[in-house]
Amino acid sequence: MISLDLDLSFLSSQYNIGSSAIKQYQKQNMTITEIMETEANKGNSRAAEFMMRITSNPQELAELFQLVNPKNRYL
């Protein structure tokens with residue numbers, strides 16, 4: 001399985017996910033998709049829009065995974 005180490009502070013600032021929630025998700029080894037699905041189920045509307053945006057907009061996906069960096073593209 002491919003794993004990308006995203007800066008989770010991005011999730012906190014862009015999707016209104018508290019730092020305590022981020023720490024809890026990290027302890028559970030949740031993927032970004034799982035985190036966003038959990039947050040969406042909790043009523044976080046910004047998180048609910050996440051999957052729709054990254055699957056329909058290649059530019060959003062490239063920015064999220066920082067694909068400008070050759071190492072990230074390779075992974």
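Here the structure is a predicted model, which means the values were calculated and not measured.

Trainee: Looking at this structure, how should I read the overall build of the protein?
Mentor: The secondary structure content of the protein amounts to 6 helices and 0 strands. Going residue by residue from the N terminus, the α and β elements of the protein occur as α-α-α-α-α-α. Scored against the burial criterion, the 75 residues of the protein give a buried share of 25%. For the protein, restricting intrachain contacts to residue pairs at least 6 apart in sequence, the fraction spanning at least 24 positions comes to 39%. Element-wise, carbon and sulfur atoms account for 51% of the exposed surface of the protein, whose accessible area totals about 5,500 Å².

Trainee: Mind showing me how you'd approach the environment of Ile35 here?
Mentor: Relative to the helices and strands, Ile35 resides in helix α3 (residues 32–41). By relative accessible area, Ile35 is classed as buried at 3%. Residues contacting Ile35, with those up to four places away along its chain left out, are Leu11, Ile17, Tyr25 and Met30.

Trainee: Would you take a moment to explain the side chain of Asn44 for this structure?
Mentor: With respect to the secondary-structure elements, Asn44 resides in the loop between α3 and α4 (45–56). A polar side-chain atom of Asn44 sits 3.2 Å from the main-chain amide nitrogen of Ala47. With residues up to four places along the chain from it excluded, the contact list for Asn44 reads Tyr15, Asn16, Ile17 and Glu39.

Trainee: I keep staring at α3 and nothing clicks. Help me out?
Mentor: An α-helical turn contains 3.6 residues, so any two residues separated by three or four positions project in the same direction. Among the residues of α3, Ile32, Ile35, Met36 and Glu39 are the ones counted as buried. Taken end-on, α3 shows its buried residues confined to a sector of 95 degrees, consistent with a single buried face. Backbone geometry just after α3 places Gly43 at a positive phi near 100 degrees.

Trainee: Which parts of the structure should I look at to understand the nonpolar core?
Mentor: Taken as a class, soluble globular proteins show a tendency for nonpolar side chains to be buried jointly. Grouped together as the largest cluster of nonpolar side chains are 14 residues, with contacts concentrated most on Leu11, Tyr15, Ile17, Tyr25, Ile35, Met36 and Phe50. Listing elements by their share of this core, those giving two or more residues are α1 (8–15), α2 (19–27), α3 and α4. Apart from the residues lying within four places of it in its own chain, the contact partners of Met36 are Leu11, Tyr15, Ile17, Ala47 and Phe50.

Trainee: What is the right way to look at unusual backbone geometry in this model?
Mentor: Excluding glycine, a negative phi dihedral is what most residues carry, and trans is how most peptide bonds are arranged. Even without a glycine there, the phi angle at Asn16 is positive, about 55 degrees. Within the secondary structure layout, Asn16 lies in the loop between α1 and α2.

Trainee: Even after reading the chapter, I still don't get the environment of Ile17, so can you show me in this structure?
Mentor: As for its position among the elements, Ile17 is in the loop between α1 and α2. Taking the C-alpha atoms as reference, Ile17 lies 8.4 Å from Asn44; in sequence the two are 27 residues apart.

Trainee: Explain the side chain of Glu39 to me, please; I cannot follow it from the model alone.
Mentor: Within the secondary structure, Glu39 sits in helix α3. It is Lys42 that comes nearest to the buried, bridge-free Glu39 among opposite-charge side chains, at 4.1 Å. The contacts of Glu39, once residues within four sequence positions are left out, are Ile17, Ala21, Tyr25, Asn44 and Ala47.

What counts and how
- Residues numbered from 1 in each chain as written.
- Predicted model: local features only at pLDDT ≥ 70, side-chain atom pairs only at ≥ 80, totals over all residues.
- Heavy atoms only, no water.
- Helix = DSSP H or I, 4+ residues; strand = E, 2+ residues; numbered from the N terminus.
- Buried < 20%, exposed > 50% of the residue type's maximum accessible area, 1.4 Å probe, protein only.
- Contact = heavy atoms within 4.5 Å.
- Areas by Shrake-Rupley, 256 points an atom, 1.4 Å probe, with all protein chains shown as cover.
- Polar contact = N/O pair within 3.5 Å; in protein donor to acceptor, adjacent residues only side chain to side chain.
- Arc of directions from axis to C-beta.
- Core = buried A, V, L, I, M, F, W, Y, C linked by side-chain atoms within 4.5 Å.
- Lys, Arg positive; Asp, Glu negative; His and termini not counted.
- Salt bridge = Lys/Arg side-chain N within 4 Å of Asp/Glu carboxyl O.

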